[in-house]
Amino acid sequence: MPLIDSRTGAIRKHYTIPELQEAATLMRGYDLVCLAAAGSGHAGGTLSIMDITAALYLHVARLDPKEPEWEDRDRIIWSVGHKAPSLYIGLGMAGYFDVQDVVTLRKLGSLFQGHPHWLKLPGVEVSTGSLGQGLSIAVGMALALRLNQSGAKVYCMMGDGEQQEGQIWEAVMEAGHYGLNNLIGVVDKNNLQIDGWVKDVMNVDPLAEKYRSFGWEVIETDGHDMKKLVQTFDRANAIKGKPIVIIAETVKGKGVDFMENVAGWHGKTPNFEEMHKGLVQLGLEGKIPVDEMLGRAQTYQKHATIELNNKMPRFGRDYWWNTDELMKVEMQPTRKGFGNALNEQGGDERIVCLGLDISGSITISDFYEKHPERKSRWFSVGIAEQSAVCVAAGLARDGKIPVLGTYGTFASGRCLDQIRTTVCYGELNVLIAGAHGGVSVGPDGATHQALEDLFQVCGLPNMNVSVPCDIIETRKATEHLLFKLKGPKYIRFAREATPIVTTESTPFKFGEANVIRFRHPQPRFVDAFETVLASQYENEDEQVSIVACGPMVPEAMRAAYILKEEYEIETRIINMHTLKPLDAKAVIKAAKATSVVITAEEHQIGGLADRVCRIITESPELFQVPVITGSIGVKDRFGESGAPWELIKEFEVSAEHIAQKALELFDLKNKIVAMRY
């Protein structure tokens with residue numbers, strides 16, 4: 001069915017098979033340019049699925065780009081949300097918008113988020129990004145269309161690695177049970193996922209037989225042969241009485257020889273040289289306005305940066321990281337501290353690590369990469385987070401020390417019931433890593449930015465929670481959780497390189513906070529501060545207290561620097577690296593001493609703030625003490641795509657925002673004191 005005018009039934013555009021082939025090649029070229037401009041994204045899968053995208057959006061599906069919400073349109077669900085650029089380019093080629101606009105992909109405020117969001121972009125049916133959920137949504141839509149007696153179809157785009165998610169098979173069972181012949185699943189079977197070949201990570205084959213056993217009609221085809229693809233979709237649309245799945249054999253990175261069949265290109269983008277090389281291989285040199293598109297991306301970024309900087313609090317000078325000759329800081333990702341600990345301590349035969357398909361990204365694979373003898377204690381379970389938690393529980397029950405990890409939003413939210421009932425209720429010795437916490441995850445956007453995980457895990461009885469501040473403290477916390485604490489435990493760390501503000505000699509005691517004091521500007525930022533255990537700290541008559549965790553500790557330290565340099569305000573910084581159990585004594589002492597307590601967290605306000613404020617309101621020692629509290633964190637909103645440090649500014653969790661809040665509350669305290677006297 002060609003693209004149509006839903007009001008008149010007239011054909012808007014009809015594509016022949018050669019035209020579809022040409023369009024798919026052009027779409028691959030646009031994909032390379034947009035990914036290069038973004039500097040992040042997924043090249044391999046977007047190239048493998050592009051022929052399917054072209055066939056579906058330009059020929060097969062009943063769509064009207066001028067009426068995106070046309071009631072009788074076919075629905076296309078992208079369960080593989082990380083392949084969003086293919087979706088966007090398909091919509092652009094179909095006429096929903098200028099396809100060249102996709103060059104603003106993953107930039108702050110762009111309609112083209114790292115994972116698709118239907119509230120931002122017409123033509124996107126649902127917001128996706130957490131693998132395994134799309135087919136269930138498609139089942140719901142197919143049921144709704146059946147109830148409405150509509151002849152529209154629902155297409156669900158999936159990956160083969162995604163078939164490892166248990167929810168896929170719940171949806172497969174449901175669709176087969178209800179005989180949803182208006183549902184057509186499409187599996188982009190490129191045979192690779194982040195951790196390697198699907199057959200090696202967690203084999204999903206024989207995939208066709210599995211779908212057939214649930215009552216589905218299965219059609220296998222070549223995902224790069226346009227004529228066969230169109231014929232396959234025609235055949236699928238003619239089948240009655242049962243759901244249909246098209247298993248399309250494809251090549252990851254199709255069309256660019258140095259990307260083809262290379263797992264490393266799953267979540268990687270081409271640089272500009274690689275982009276040009278790919279365009280030449282695709283025969284598109286001079287056929288895409290590359291310079292114009294890149295210029296458009298640069299102009300968009302320039303305006304976004306100006307708007308963002310205009311919203312930042314201003315002080316006498318620029319205190320941003322490494323902008324001055326003094327106070328220089330080294331930055332490394334906190335996640336590497338987790339990997340370092342596993343590398344150094346993984347020789348203990350009790351330790352068993354579980355891979356959940358982003359092993360290199362969260363550094364859990366450091367456990368065995370330099371120690372092949374440990375490979376027997378490494379088990380890949382693929383994209384199956386909920387099962388992994390319970391597998392870990394089983395290992396723990398028989399005396400092992402299991403470690404698993406994934407993005408914090410999946411580690412906590414998707415697995416919450418398994419963690420609650422199996423791990424915490426049974427008090428089992430399982431270490432869960434919630435990686436990539438906070439908005440600083442960056443351009444992947446809202447679906448992958450853990451902003452609620454501390455609510456979830458801190459609310460569980462028997463759970464222990466650590467949020468270390470830098471790579472060194474992350475290593476120390478991991479080692480403590482491995483060997484010195486038996487029971488359920490969760491460690492949260494960031495993805496992006498963040499300031500190193502501790503040293504090997506900096507004290508770390510699980511369950512007890514550190515107090516940090518700014519002394520004098522130094523060539524190295526870390527040397528400008530003194531850190532002691534909270535129990536050993538003696539009051540210095542500070543005027544403001546900042547309680548922070550994770551990457552907000554360096555920001556709190558920088559805020560203290562600003563407050564001292566600009567206003568002569570002395571600040572007590574509390575590094576609350578252990579959120580559960582939380583160091584109540586440190587909070588009470590700070591509240592008594594300063595009467596102003598600000599919390600700082602890269603999380604929805606409340607993960608840390610609620611716990612600190614509860615101590616302040618419930619502690620008898622403070623009943624007669626007037627304490628003013630304030631909170632820095634994400635203000636009840638979802639994340640956005642953007643560069644990590646842009647998002648720290650956009651979501652108002654920078655040192656500048658902390659200092660502004662501290663100054664506001666300090667002035668309020670002085671006014672209250674003046675009114676009393």
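Keep in mind that this is a model prediction, so the values were computed, not measured.

Rules of the game
Residues numbered from 1 in each chain as written. Predicted model: local features only at pLDDT ≥ 70, side-chain atom pairs only at ≥ 80, totals over all residues. Heavy atoms only, no water. Helix = DSSP H or I, 4+ residues; strand = E, 2+ residues; numbered from the N terminus. Rg over C-alpha atoms; globule rule 2.2 N^0.38 Å. Buried < 20%, exposed > 50% of the residue type's maximum accessible area, 1.4 Å probe, protein only. Contact = heavy atoms within 4.5 Å. Areas by Shrake-Rupley, 256 points an atom, 1.4 Å probe, with all protein chains shown as cover. Lys, Arg positive; Asp, Glu negative; His and termini not counted. Charge placed at Lys NZ, Arg CZ, Asp CG, Glu CD. Axes fitted to C-alpha atoms, helices over the stretch in contact; angles between N-to-C directions. Parallel < 35°, antiparallel > 145°, perpendicular 65-115°, else oblique. Left-handed = near helix turned anticlockwise from the far one by under 90°. Pairing = 2+ DSSP bridges. Core = buried A, V, L, I, M, F, W, Y, C linked by side-chain atoms within 4.5 Å. Salt bridge = Lys/Arg side-chain N within 4 Å of Asp/Glu carboxyl O. 1 Å grid on protein atoms, 1.4 Å probe; cavity = no way out; pocket = protein on both sides within 12 Å on 5 of 7 lines; lining within 4 Å. Points joined across faces, edges and corners; volume = space filled by probe spheres on them. Nonpolar A, V, L, I, M, F, W, Y, C, P; charged D, E, K, R; others polar. Disulfide = S-S within 2.5 Å. Polar contact = N/O pair within 3.5 Å; in protein donor to acceptor, adjacent residues only side chain to side chain.

Participant: So, the overall build of the chain: which residues are in play, and what are the values?
Facilitator: In terms of helices and strands, the chain carries 24 helices and 24 strands. The C-alpha radius of gyration computed for the chain amounts to 27 Å, which stays within 12% of the reference 26 Å derived for 677 residues, consistent with globular compactness. The principal-axis extent of the C-alpha atoms belonging to the chain is close to 80 × 55 × 50 Å. Within the span of the chain, comprising 677 residues, buried residues form 61% of the whole. Taking the intrachain contacts of the chain between residues at least 6 apart in sequence as the baseline, contacts between residues at least 24 apart amount to 79%. Carbon and sulfur atoms provide 50% of the accessible area of the chain, an area that totals close to 25,700 Å². If the 72 positive side-chain charges of the chain are averaged to one point and the 87 negative ones to another, these points end up 2 Å apart.

Participant: Can you tell me about the packing of helix 1 (residues 17-38) against helix 3 (residues 50-60), naming the residues and giving the values?
Facilitator: Between two packed helices, the angle of one axis relative to the other and the distance separating the axes together describe the packing. Between helix 1 and helix 3, whose axes approach to 9 Å, the crossing angle comes to 120°. Between helix 1 and helix 3, the crossing angle belongs to the class labelled oblique. As helix 1 packs across helix 3, the resulting crossing turns out to be right-handed. Of helix 3, the residues touching helix 1 (which contributes Leu20, Ala23, Ala24, Met27, Arg28 and Asp31) are Met50, Asp51, Thr53, Ala54, Leu58 and His59.

Participant: So what's going on with the sheet that holds strand 5 (residues 183-189)? Residues and values would help.
Facilitator: Taken in spatial order, the 5 strands of this open sheet run 3-4-5-9-8, and their pairing is parallel. If you trace the sheet from one side to the other, it starts and ends with strand 3 (75-78) and strand 8 (217-222), each paired once. Between one strand axis and the next, the sheet turns by 20° as a mean value, whatever way the strands run. Alignment of strand 8 against strand 9 (residues 244-249), held across 6 bridges, turns out to be parallel.

Participant: Describe in detail helix 4 (residues 84-94), supporting the description with residues and values.
Facilitator: Counting buried residues in helix 4 gives 11 out of 11 residues, a clear majority hidden from the surface. Here helix 4 has its buried residues at Ala84, Pro85, Ser86, Leu87, Tyr88, Ile89, Gly90, Leu91, Gly92, Met93 and Ala94. In this structure, the buried residues of helix 4 make contact with strand 1 (3-4), helix 1, helix 2 (43-48), helix 3 and strand 3. Note on helix 4: the residue one or two positions beyond its end, Gly95, has a positive phi of about 105°.

Participant: Tell me about the nonpolar core, and please be specific about residues and values.
Facilitator: Generally speaking, soluble globular proteins have nonpolar side chains that are buried together. The biggest cluster of nonpolar side chains holds 73 residues, and the ones touching the most others in it are Val33, Leu56, Leu58, Ile76, Tyr88, Met157 and Phe233. Here this core takes 11 residues from helix 1, the largest share from any one element. If near-sequence neighbours (up to four positions away) are discounted, Phe233 is found in contact with Ile52, Ala55, Leu56, Val60, Tyr155, Val186 and Ile246. Of all hydrophobic cores here, the second largest spans 49 residues; its members include Cys469, Ala528, Ile569 and Ile632.

Participant: Account for the pattern of salt bridges, naming residues and giving values.
Facilitator: For the structure on display, the rule yields 44 salt bridges. Ionic pairing is found between Arg572 and Glu542, a salt bridge with its closest N-O pair at 3.0 Å. Residue Arg572 is found in strand 21 (residues 571-575), and its partner Glu542 is found in the loop between strand 19 (529-533) and strand 20 (544-548); the two are separated by 30 residues along the sequence. By the burial criterion, Arg572 is buried, and Glu542 matches it. A salt bridge links Glu664 to Lys661, with the nearest nitrogen and oxygen atoms 3.8 Å apart. Placement of the pair is Glu664 and Lys661 together in helix 24 (residues 655-676), with a separation of 3 residues, close to one helical turn. Note on Glu664: relative accessible area 45%, which makes it partly exposed. Several salt bridges share partner residues, and in doing so they unite Arg517, Arg519, Glu530, Glu540, Glu542, Lys564, Glu568, Glu570 and Arg572 into one network.

Participant: How would you summarise empty space enclosed by the protein if you had to cite specific residues and measurements?
Facilitator: The gaps of empty space that remain are located by a probe, the size of a water molecule, rolled over the atoms. Tallied over the entire structure, the rule returns 4 cavities of 30 Å³ or more. If you add up the space inside the largest cavity, you get close to 80 Å³. If you go around the largest cavity, you meet 13 residues; those closest to its centre are Tyr319, Trp320, Leu326, Met327 and Tyr561. Broken down by class, the residue content of the lining of the largest cavity amounts to 7 nonpolar, 2 polar and 4 charged. Counted as a void, the second largest cavity has a volume near 60 Å³. What lines the second largest cavity is Tyr57, Leu63, Pro68, Arg73, Asp74, Ile76, Leu91, Tyr96, Gly123 and Glu125. Taken together, the residues of the lining of the second largest cavity sort by class into 6 nonpolar, 1 polar and 3 charged.

Participant: Explain the sheet that holds strand 12 (residues 378-380) to me, and be specific about the residues and the numbers.
Facilitator: Pairing within the open sheet is mixed, and its 7 strands lie in the order 12-11-13-14-16-15-22. Since the sheet does not close on itself, it has two edges, and those belong to strand 12 and strand 22 (578-580), each with one partner. On average, adjacent strands in this sheet sit at an angle of 20° to one another, irrespective of strand direction. Across 4 bridges, strand 14 (residues 431-435) lies against strand 16 (residues 489-492) in parallel orientation.

Participant: Tell me what's going on with the state of the cysteines, and back it up with residues and numbers.
Facilitator: Throughout the structure, instances matching the rule amount to 0 disulfides. Note on Cys390: no disulfide assigned, nearest cysteine sulfur contributed by Cys415 at a separation of 8.6 Å.

Participant: Lay out the layout of surface pockets in plain terms, naming residues and giving numbers.
Facilitator: Size it by volume and the second largest pocket reaches roughly 590 Å³. Around the second largest pocket sit 29 residues that line it, and Ser127, Thr128, Ala446, Thr447 and Phe638 are the ones nearest its centre. Counting only elements with at least two residues in the lining of the second largest pocket, the list comes to helix 16 (408-414) and helix 18 (453-458). Ranked by residues supplied to the lining of the second largest pocket, first place goes to helix 16 with 5 residues. For the lining of the second largest pocket, the class distribution of residues is 7 nonpolar, 16 polar and 6 charged.

Participant: Mind laying out the side chain of Arg475, listing which residues take part and the relevant values?
Facilitator: Looking at the secondary structure, you find Arg475 in helix 19 (residues 471-483). When residues no more than four places from it in sequence are discounted, the contact partners of Arg475 are Gly337, Asn340, Ala341, Glu344 and Glu504.

Participant: An account of the side chain of Arg572 is requested, with residue identities and associated values reported.
Facilitator: Using a relative accessible area of 3% as the deciding quantity, one classes Arg572 as buried. One polar contact links Arg572 to Asn539, side chain to side chain, over a distance of 2.9 Å.

Participant: Requested: an account of the pairing of strand 11 (residues 351-355), with residues and values cited.
Facilitator: In terms of burial, strand 11 is largely enclosed, as 5 of its 5 residues are buried. Alternating positions in strand 11 separate into two faces, Ile351, Cys353 and Gly355 on one and Val352 and Leu354 on the other, with burial throughout. Bridging between strand 11 and strand 13 (residues 401-407) involves 4 bridges; their strand directions are parallel. Each residue of the ladder has a partner; that of Ile351, found in strand 13, is Ile401. In this sheet, strand 12 lies alongside strand 11 in parallel orientation, the contact comprising 3 bridges. The residue bridging Cys353 from the neighbouring strand is Trp378, located in strand 12.

Participant: Outline the environment of Ala55, supporting the account with residue identities and numerical values.
Facilitator: As for its placement among the helices and strands, Ala55 is situated in helix 3. Ala55 gets classed as buried once you look at its relative accessible area, which sits at 0%. Through-space distance from the C-alpha of Ala55 to that of Leu229 is 7.1 Å; in sequence the pair is 174 residues apart. Once residues within four sequence positions are removed from consideration, Ala55 is found in contact with Val60, Met226 and Phe233.

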